[in-house]
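Close look at the chain arrangement
Residues per chain are reported as follows:
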Amino acid sequence: MNLFQLNLSPGLVHPILLQLRDPGIQKDRLRFKFNLERLGFLLAAELAKTLPVQKVEVHTVLGKTEIPVPQQPPVLVTVLRAGLAFYQGFANAFDDADSGFIGAYRVEGESAEQLEIRMNYAALPDLTGRDLILIDPMLATGGSLLKVWQLIASQATPRSVHVAAAIAAPEGVAALQQHLPENSYLWLGALDQQLNEHAYIVPGLGDAGDLCFGPKL
Ligand SMILES: O=P(O)(O)OC[C@H]1O[C@H](OP(=O)(O)OP(=O)(O)O)[C@H](O)[C@@H]1O
Ligand SMILES: O=c1cc[nH]c(=O)[nH]1
């Protein structure tokens, strides 16, 4: 797996990460979601540079030119709930993308070892031969994304697999590196220090789903 940390535009990415992490700013729900969307768009712009293109001829009123455009639109797959705002940034970038949605959530126990991932909804297009972008702002243990990948791999073989996260822990990156196929790429806003005893990313930003939508039961 290839790791791409988004450090090409620090002037754009770092102020967004600062606002996402700052407890005084992140409690503004509208701004938090908008910042995830903006970060998603920036990551999508970097990722798009690696997708195969084909030249299309366009005739303007004054002449003709060739423009390289993506060979085929990618498939965007996101994990509910926290994925939604981040996903929107990718959807804004890829006009004709197909999309899939997975309902998955962590059920936290007393310790990180007792963490369970429940998956109860999946609406996916055919991913055979497609460029798949798995979109989830938080990559903590990697358990949620690996469960999603297991489901996808049981149905189809994508041409390439891109995982996009706003913030990741080294533990989650290692888990993906172990289990995702060779042609996989990881796009990160930030790689943080570690997980805490409840499998939260440190320093991270807290609970992304709750910050977007409020606490769940
Ligand atoms: O790498 P992992 O250890 O699996 O943790 C990451 C998952 O945790 C968050 O979702 P959560 O389960 O909190 O659900 P929510 O989006 O509904 O809040 C996040 O959006 C990821 O899906
Ligand atoms: O730090 C974390 C870990 C999982 N999910 C989150 O929202 N935050």
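For the structure given in this document, a descriptive report is provided here. Model, not experiment: these values are computed from the prediction.

A separate point is the overall build of the chain. The helix and strand tally for the chain stands at 7 helices and 12 strands. Here the C-alpha coordinates of the chain stretch approximately 65 × 40 × 30 Å along the principal axes. Within the chain, contacts between residues separated by at least 24 positions form 65% of all contacts whose residues are at least 6 apart in sequence. Measuring between centres, the 16 positive side-chain charges of the chain sit 4 Å from its 22 negative side-chain charges.

Moving on, we come to the packing of aromatic side chains. On inspection of all chains with the given rule, the structure shows 2 aromatic pairs. Centre to centre, the rings of Tyr87 and Phe101 are 5.4 Å apart; their planes meet at 65 degrees, and the pair counts as edge-to-face. Of this pair, Tyr87 sits in helix H4 (residues 83-93) while Phe101 sits in strand E5 (residues 98-107), placing them 14 residues apart in sequence. Its relative accessible area of 11% is what places Tyr87 among the buried residues. Residue classification places Phe101 among the partly exposed positions, given a relative accessible area of 26%. We note Arg106 situated over the ring of Tyr200; from NZ or CZ to the ring centre the distance is 5.1 Å.

Here the focus is the nonpolar core. Counting 36 residues, the largest nonpolar core has Leu39, Phe86 and Phe90 as the members making the most contacts within it. Mapped onto this core, the elements with two or more residues apiece are helix H1 (10-21), helix H3 (29-48), H4, strand E7 (131-135), strand E9 (160-168), strand E10 (184-191) and helix H7 (208-213). The element that contributes the greatest number of residues to this core is H3, accounting for 7 residues. Sequence-distant contacts of Leu39, defined by excluding residues within four places in its chain, comprise Val13, Ile16, Leu17, Leu20, Phe86 and Ala166. Trp149, Val161, Ala168 and Leu186 belong to the second largest nonpolar core, which has 26 residues in total.

Taken together, 17 residues form the shell around ligand 1, and within it Arg106, Asp136, Thr141, Gly142 and Ser144 come nearest. Within the contact set of ligand 1, an oxygen atom lies 2.5 Å away from a side-chain nitrogen or oxygen of Thr141. Residue Ser144 places a side-chain N or O atom 2.5 Å away from an oxygen atom belonging to ligand 1. Relative to its free-state accessible area of 500 Å², ligand 1 is covered by the protein chains to the extent of 95%. Of the pockets mapped on this structure, ligand 1 occupies the largest pocket. Contributing elements (two or more residues each) for the shell around ligand 1: E5, strand E8 (138-139) and helix H5 (143-153).

The next point concerns the site of ligand 2. Around ligand 2, the structure places Arg106, Met138, Ala140, Ala199, Tyr200, Ile201, Gly206, Asp207 and Ala208. Contact between ligand 2 and Ile201: an oxygen atom at 2.8 Å from a main-chain N or O atom of the residue. Measuring from an oxygen atom of ligand 2, one finds a backbone N or O atom of Ala208 at 2.8 Å. Compared with its free state, where it exposes 230 Å², ligand 2 has 90% of that area covered by protein. In this structure the site holding ligand 2 corresponds to the largest pocket.

Every buried residue belonging to helix H6 (residues 170-179) is among Gly172, Val173, Ala175 and Leu176, and all of these are buried. One side of H6 carries all its buried residues, which in axial view fall inside an arc of 160 degrees. If you follow the buried residues of H6, they end up packed against E8, H5, E9 and E10.

Any empty space left between the atoms is revealed when a probe the size of a water molecule rolls over them. By volume, the largest pocket amounts to about 650 Å³. If you trace the largest pocket, you find 32 residues lining it, with Ala82, Tyr105, Arg106, Asp207 and Lys216 closest to the centre. At the level of elements, strand E4 (75-80), E5, strand E6 (116-123), E8, H5 and H7 are the ones that each hand at least two residues to the lining of the largest pocket. By residue number, the principal contributor to the lining of the largest pocket is E5, which donates 4 residues.

What counts as what
Residues numbered from 1 in each chain as written. Chains lettered and ligands numbered in written order. Predicted model: local features only at pLDDT ≥ 70, side-chain atom pairs only at ≥ 80, totals over all residues. Heavy atoms only, no water. Helix = DSSP H or I, 4+ residues; strand = E, 2+ residues; numbered from the N terminus. Contact = heavy atoms within 4.5 Å. Lys, Arg positive; Asp, Glu negative; His and termini not counted. Charge placed at Lys NZ, Arg CZ, Asp CG, Glu CD. Phe/Tyr/Trp six-rings, centres within 6.5 Å; stacked < 30°, edge-to-face > 60°. Buried < 20%, exposed > 50% of the residue type's maximum accessible area, 1.4 Å probe, protein only. Lys NZ or Arg CZ within 6 Å of the ring centre and 35° of its normal. Core = buried A, V, L, I, M, F, W, Y, C linked by side-chain atoms within 4.5 Å. Near = heavy atom within 4 Å. Polar contact = N/O pair within 3.5 Å; in protein donor to acceptor, adjacent residues only side chain to side chain. Areas by Shrake-Rupley, 256 points an atom, 1.4 Å probe, with all protein chains shown as cover. 1 Å grid on protein atoms, 1.4 Å probe; cavity = no way out; pocket = protein on both sides within 12 Å on 5 of 7 lines; lining within 4 Å. Sits in = over half its atoms within 2 Å of the grid points. Arc of directions from axis to C-beta. Points joined across faces, edges and corners; volume = space filled by probe spheres on them.

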